[in-house]
Amino acid sequence: MQPTHVLGIMSGTSIDGVDCALCAVSDTRLKLRALWSVKFPRALRARLHAAARGEATSWELAQLHHDLGRFYAAHAMPPRNAPRPQLAGLHGQTVFHNPGPRAPATLQIGEPAYLAEALRVPVVGNFRASDLAAGGQGAPLATAFHVRVFGERGWHLCVNNLGGISNVTSIDWRRGAEPKVLAFDTGPANVLIDLAMRHFSTDRLLFDRNGAWAARGRVCESLLAEWIEHPFLCQAPPKSTGREAFGEAFFVRALAAARRRRLTKFDLVATLTAFTARSLAANYHAHLPNAPDRVVLAGGGAANPVLREWITGALSKARVGTTVWTSADFGWPLQSIEPAAFAYLAWLRLRGRAGNLPETTGARRAVLCGVITENFPIPQPFR
């Protein structure tokens, strides 16, 4: 069977822009065909941040839902030399995620009908709700893609995406016909660092390029020791988190603590960067049954050489003996993993196959992940 060309669109917790990946997908093939990114305009980014802080009215949120949908549609067409999409997977922008057991809820905005109209192909969105309804966390959902692309017999490998939030997929295939898979969020990746950069630059700098600010600072060990005691880091998987735990409220407290200690802006960025590295290593040490042979870093944070170096050092200190790579070393650019994962999840949904792994999300069963939006009959080969 010929592969299906599937477009995956992802905008993550950092709320900086959109990553688009066009993939060729079949039962025997999963290949990246094109990758492009688009930054959010300043005004749209500010509205998204306000919504994620819970500061948007119902009217504002509804308008934003449609405006964002139109933005996705306007930037979804692949480069001229790439194939035209036959299917799309739209994650949307998370503005709320509460996977707690009492009243779980998650919300990703960005109306998919505009994308379906622009591309004239089926669009799969709202991926997390089915898993949540089945008792899961609604995350992480990129696990099936990680296993498909990076799983290798004879190896225990961890794929760790460093977006706004850090999430890991442990794929232990040293024994047995199938790998043992464990996936969960480890805590913040870039979200707190990005908030600090925006604060200190009055929104002119959106991230710490090449870790330049962290490299100039001094890590405050006493403050870091307080943060490492955060309850989420000790919580056993399955678990997921977001800006509710590691967003604006956390940063406001961190900024106040930094001022009391008379830290410089570089010191605070360095300490937040160290928090990402050490919380990641602490989770590996506490929650993985065995140390991985390899850790493959992906996402925007993997482009930060200081963060990569500090993760390597933190894993060593946590007695997690491993080598650290990036997804680019395996032929997948750093920004391709998350959008490609949702392209793959869309393909699974149109094939009537489950997209979640219950053992990683905590769901009672495997479920179809995603809701299909179409403005026309679905063509072959989907029927």
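Above: the structure in question.
Rules behind the numbers
- Residues numbered from 1 in each chain as written.
- Predicted model: local features only at pLDDT ≥ 70, side-chain atom pairs only at ≥ 80, totals over all residues.
- Heavy atoms only, no water.
- Helix = DSSP H or I, 4+ residues; strand = E, 2+ residues; numbered from the N terminus.
- Rg over C-alpha atoms; globule rule 2.2 N^0.38 Å.
- Buried < 20%, exposed > 50% of the residue type's maximum accessible area, 1.4 Å probe, protein only.
- Areas by Shrake-Rupley, 256 points an atom, 1.4 Å probe, with all protein chains shown as cover.
- Lys, Arg positive; Asp, Glu negative; His and termini not counted.
- Charge placed at Lys NZ, Arg CZ, Asp CG, Glu CD.
- Expected span 1.5 Å × (residues − 1).
- Contact = heavy atoms within 4.5 Å.
- Polar contact = N/O pair within 3.5 Å; in protein donor to acceptor, adjacent residues only side chain to side chain.

**A word on the overall build of the protein chain**
Turning to step 1, where the next piece is worked out: In terms of helices and strands, the protein chain carries 15 helices and twelve strands.
Turning to step 2, where the next piece is worked out: Against the 2.2 N^0.38 benchmark of 21 Å for 383 residues, the protein chain shows a C-alpha radius of gyration of 20 Å, consistent with a compact globule.
Turning to step 3, where the next piece is worked out: With the C-alpha coordinates aligned to their principal axes, the bounding extent of the protein chain is approximately 65 × 55 × 45 Å.
Turning to step 4, where the next piece is worked out: With 383 residues in all, the protein chain has 58% of them scored as buried.
Turning to step 5, where the next piece is worked out: As presented, the protein chain carries roughly 16,200 Å² of accessible surface, and 53% of it is formed by carbon and sulfur atoms.
Turning to step 6, where the next piece is worked out: On the protein chain, the mean spot of the 43 positive side-chain charges and the mean spot of the 28 negative ones are 2 Å from each other.

**Side note on helix α11 (residues 248–260)**
Turning to step 1, where the next piece is worked out: With 13 residues, α11 should cover 18 Å at 1.5 Å per step; its first-to-last C-alpha distance of 19 Å lies within 8% of that length.
Turning to step 2, where the next piece is worked out: Residues E248, F250, F251, A254, L255, A257 and A258 constitute the buried set of α11.
Turning to step 3, where the next piece is worked out: Among the residues trailing α11, R262 stands out with phi positive, at a value near 60 degrees.

**Concerning the environment of S166**
Turning to step 1, where the next piece is worked out: Relative to the helices and strands, S166 is located in strand β8 (residues 165–172).
Turning to step 2, where the next piece is worked out: Classification of S166 as buried rests on a relative accessible area of 0%.
Turning to step 3, where the next piece is worked out: For the pair S166 and F40, spaced 126 residues apart in the sequence, the C-alpha separation amounts to 22 Å.
Turning to step 4, where the next piece is worked out: Not counting chain neighbours up to four residues away, the residues in contact with S166 comprise N160, N161, F184, D185, T186, G187, P188, A189 and L280.
Turning to step 5, where the next piece is worked out: Side chain to side chain, S166 and N160 meet in a polar contact 2.9 Å long.
Turning to step 6, where the next piece is worked out: Polar contacts involving the side chain of S166 include one to the side chain of T186, which spans 2.7 Å.

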